[in-house]
Amino acid sequence: MHGRLKVKSTAEQLEAKKKEREKKLQLYNAATSKIISKKKNGELDEELLLVSAEVLAVNPDFYTLWNYRKETFLELQKTKSKEELQKMFLSELIFLESCLRVNHKSYGTWHHRCFVMDTMPEPDWNRELELCNDFLKYDERNFHCWDYRRFVVKRANVPPEAELKFSLSKINNNFSNYSSWHYRSKLLPVLYPDPKQPMGVSEEALLKEYELVQNGFFTDPDDQSNWFYHRWLMGRGEQVQGVNCFIVSRLDNSAIVSFTKHIKVGKATDIVLEINNTRQEHLTWHNPDRSSLFSTMWISFDGYLIFSLNINYITNDLCLPKNEECSIRATLIENDAAICSSCLHLDVSDDSKSVTSSRPSGSSQFSQELSALKSDVLQQELQSILELMEMETDNKWVVLTVVLLMKALDPFKYEMEIMNNLDRLEALDFKRVNYYKDLRSKFLVENLIDTSEGDIKSVDLKGKKLTKLYHTELLPLVTVLDLSDNHVQEAKYFNHLQSLVELNLSTNGVQNCEGLQHLPKLEKLLLRDNRLSSPLSFQPLQSCPKLKHLNISGNPICESEDLIEQLRELLTGVEIILKSS
Amino acid sequence: MAAPIKDIVIPDSAPTSLMLQKHADYIAAYGNRKDDYEYIMTEFLRMNGMYWGLTAMALAGQLDRMDKSEVVDFIHKCQHESGGFSCSIGHDPHLLSTLSAVQILTLFDALDSVDTAATVKWVKSLQQPDGSFFGDRWGEVDSRFSFVAVACLALLKSLDQVDVDKAVEFVLSCMNFDGAFGCRPGSESHSGQVYCCVGLLSITGRLHHVNADQLGWWLCERQLPSGGLNGRPEKLPDVCYSWWVLSSLKIIDRLHWIDKEKLVSFILACQDEETGGFADRPGDMVDPFHTVFGLAGLSLLGDTSVQPVNPVFCMPEAVIRKLNIQLQYL
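Cut-offs used in this document
Residues numbered from 1 in each chain as written. Chains lettered and ligands numbered in written order. Predicted model: local features only at pLDDT ≥ 70, side-chain atom pairs only at ≥ 80, totals over all residues. Heavy atoms only, no water. UniProt positions renumbered as here; feature names shortened; annotations may be inferred. Contact = heavy atoms within 4.5 Å. Buried area = accessible area lost by both parts, 1.4 Å probe. Salt bridge = Lys/Arg side-chain N within 4 Å of Asp/Glu carboxyl O. Polar contact = N/O pair within 3.5 Å; in protein donor to acceptor, adjacent residues only side chain to side chain. Helix = DSSP H or I, 4+ residues; strand = E, 2+ residues; numbered from the N terminus. Nonpolar A, V, L, I, M, F, W, Y, C, P; charged D, E, K, R; others polar. Buried < 20%, exposed > 50% of the residue type's maximum accessible area, 1.4 Å probe, protein only.

Per an unreviewed UniProt entry, chain B carries the name Geranylgeranyl transferase type-2 subunit beta and comes from Candidula unifasciata. Under the Sequence similarities (unreviewed entry) heading, UniProt states for chain B: "Belongs to the protein prenyltransferase subunit beta family."

Chain A is annotated in an unreviewed UniProt entry as Geranylgeranyl transferase type-2 subunit alpha from Candidula unifasciata. Taken from UniProt, the Catalytic activity (unreviewed entry) comment for chain A reads in full: "geranylgeranyl diphosphate + L-cysteinyl-[protein] = S-geranylgeranyl-L-cysteinyl-[protein] + diphosphate". Under the Function (unreviewed entry) heading, UniProt states for chain A: "Catalyzes the transfer of a geranyl-geranyl moiety from geranyl-geranyl pyrophosphate to cysteines occuring in specific C-terminal amino acid sequences."

A. The arrangement of the interface of chain A and chain B in detail. Facing 66 residues of chain A, the contacting portion of chain B comprises 75 residues. The junction of chain A with chain B conceals about 6,500 Å² of combined surface from both sides, 54% of it contributed by carbon and sulfur atoms. The tally of links between chain A and chain B comes to 9 salt bridges. The partner of Asp147 of chain A in a salt bridge is Arg184 of chain B, and the shortest N-O contact between them spans 3.6 Å. Seen at the junction of chain A and chain B, the total is 36 residue pairs in polar contact (both at pLDDT 80 or more). Looking at the side of chain A that touches chain B element by element, the count peaks at 7 residues for helix H3 (residues 63–76) of chain A. Classifying every residue of the side of chain A that touches chain B gives 25 nonpolar, 17 polar and 24 charged.

B. Inspection of the pattern of salt bridges at higher detail. According to the stated counting rule, one finds 45 salt bridges over all chains in the structure shown. Linking Glu446 of chain A and Lys407 of chain A is a salt bridge whose minimum nitrogen-to-oxygen distance equals 2.7 Å. Taken together, the residues Glu446 of chain A in helix H16 (residues 433–451) and Lys407 of chain A in helix H14 (residues 396–409) connect sequence positions 39 residues apart. Taken as a pair, Glu446 of chain A and Lys407 of chain A share a single burial class, namely buried. A salt bridge links Arg206 of chain B to Asp165 of chain B; its shortest N-O distance comes to 3.0 Å. Residue Arg206 of chain B is found in the loop between helix H9 (191–203) and helix H10 (212–220), and its partner Asp165 of chain B is found in helix H8 (residues 164–172); the two are separated by 41 residues along the sequence. Asp165 of chain B sits in the partly exposed class, given a relative accessible area of 40%. Here the residues in one salt-bridge network are Lys34, Lys38, Glu43, Asp45 and Glu47 of chain A, joined through shared partners.

Pasting the structure below:
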């Protein structure tokens, strides 16, 4: 019941309407009972087709009746000649078309048309393509019809070239046609495949698309279809699986492997650890949450207890040789095939060691993936959009695209401009202010990771207006993290920071400690001036074995001695500071 | 030539506060109009309609006003030998009505009044080699049906009965250039479909396949100047999308990317002060469908006079929690 305006009517009008409806209902009810009784008696005949057509004409979503018609046709197929059947199905198509003219959004009607076309002796697919053209002229966004078109195209083997041409004609008719842009995104990888390109589309074809979509947003810079498509063209390809970071520690007998993509160690997936080429048997791996979910980070250490039905437990057997040098290799195995691996060498004196996948110096690991295109093409693209920005100073789509292009081209050179433009976006598009804030937070961390040389051990992000800490999975070696004086509201995914010893989250908007659980090395946690109000919100900290020092001064919870007492009971052995020092 | 943004203007006279009691009264009375034209013409939706109405009552905290035994008896009569449920007595079974039936029985804690083993078997029989699900024996495929099947089995604690990996694979093949999802591989993105696919990935613990920033951006761009949300680019706002878009944003932890206050005003403006109930847009006719999604949307937006709603199942959070169903949220 969409888009039906409520109209105030006079008593007279209401009475007339009521009478009319009563009459309609009488006919409707009589027809429906007749159909159901005929079906019950197994009378799947032409009369059933006739009566059910009357009902479906006014109520095409009555799905059961379409089913009855299908059953009837399958029954009649057994006795009728091919010519008779063809004639019947042709008239069914005419009936369906008349239904679609009244309601072109009924799932049941469109599906029934598929059934008829697949069942009739001589389907005329060209006629169906014409019908789609016709309906898409009337409503170019009707997704039912677009889907039916794809069905027809598949059955009739219409070449994708022809369909790409069709989508172009729709776009030339009206750039604001999201359905057509969508269709192009599906056709291009089929027509111009290039497995080496991140999106699987050849560069030449992508360049043409850039041109086309530019025409679109120069014509109507406020139309979002063009911009969504443009962002796709700038988009990154899928990452390949690899090891981001591999850490071993003799002190805790632990190994941590961080991958680029999510995995779940289980029946078909395993991480094999070899010490001096000898495979370690019976290792157990868990993710930072110790949940059954997929994760990019997997951890194995000695002494990890696995409870099975809360009765039995087994311990993990990881044991790194003491006082001798050794080489250790971690390999990801999926369905018996090695996917990727990482290797490191422990000297006699090494307590722990890590290896982080190298990236070319002076470039960004994030912007490289951002675009499929060469930088000179992106540079030209930036130039033309900057020109557009001169005319369209307050257009958020233009400003956002400038930001994304600059990020893809050179996030360091353009850092100031990117940040300034993000500030402008917050003002221009207030409804999505938090989207831009998060985007800014993401860019800041990406730049930090890109500009750091070697392993990142200490991170100072104090007072950066951060709303969120992105990419914690890329920071497994950080020991000291200062995030004080930001706008962070939660610590989700902080438990990827497996080396973290000291965390300063003071003066933020943190309401609970979710995400801090199972941090094996966390000793000091500063949470001054946040929004923590209940002992329960500290529960995750119970699983941090080394936590000694917790500062919560200036939080609402400090106002109640009872609550503080409960908190002390919850976190025995932790020094809890209530006053700022 | 610039196309004007499709949107509405909220009239000054539109309601600005929640009339919860009126909505509960509207729903409670809805089932009493069995000779009504509207009621008869929507019989093919009865089971879904009952789920919408009963969930609305539960969210209003007034489920006890409804006649449980009458409802359970009706559902019982809608179960077919195959195990599936139809929308009304004598109609054909379909996955859409089957989930509604299972949801209602869960709400009433009355699953033992039907043959759930048969239901599980029937749902399982509808899975195809590519992982997709037929809606019924006539073979329509839609990512909605994938969600419905998986949600139904999760409520019946029988998710292990189908090939979950394949089901996930199919849903992922419906993902598009904008990070959102369509009905079938190749179909255009649509917020209703996004809700279904993201919901399925939450139930199966596979949300890592979603590019949350990309999808979140597409979803938050559904908000129009009026504050309402549309289902696809260049479409009008509609209260039901306060549910499809909002619950998806909630599951992928991007709910803060829209202007909550403006959306609340839009939803409230869709109430009918005279009759109770919500319409799709201010000034239109109300119905139970928009009423439940209006209330559920307000619940997600933090209105504490409405019971907390579960974003995956669109049922009271307390009911889902009691069942101890594991759901993933980013």
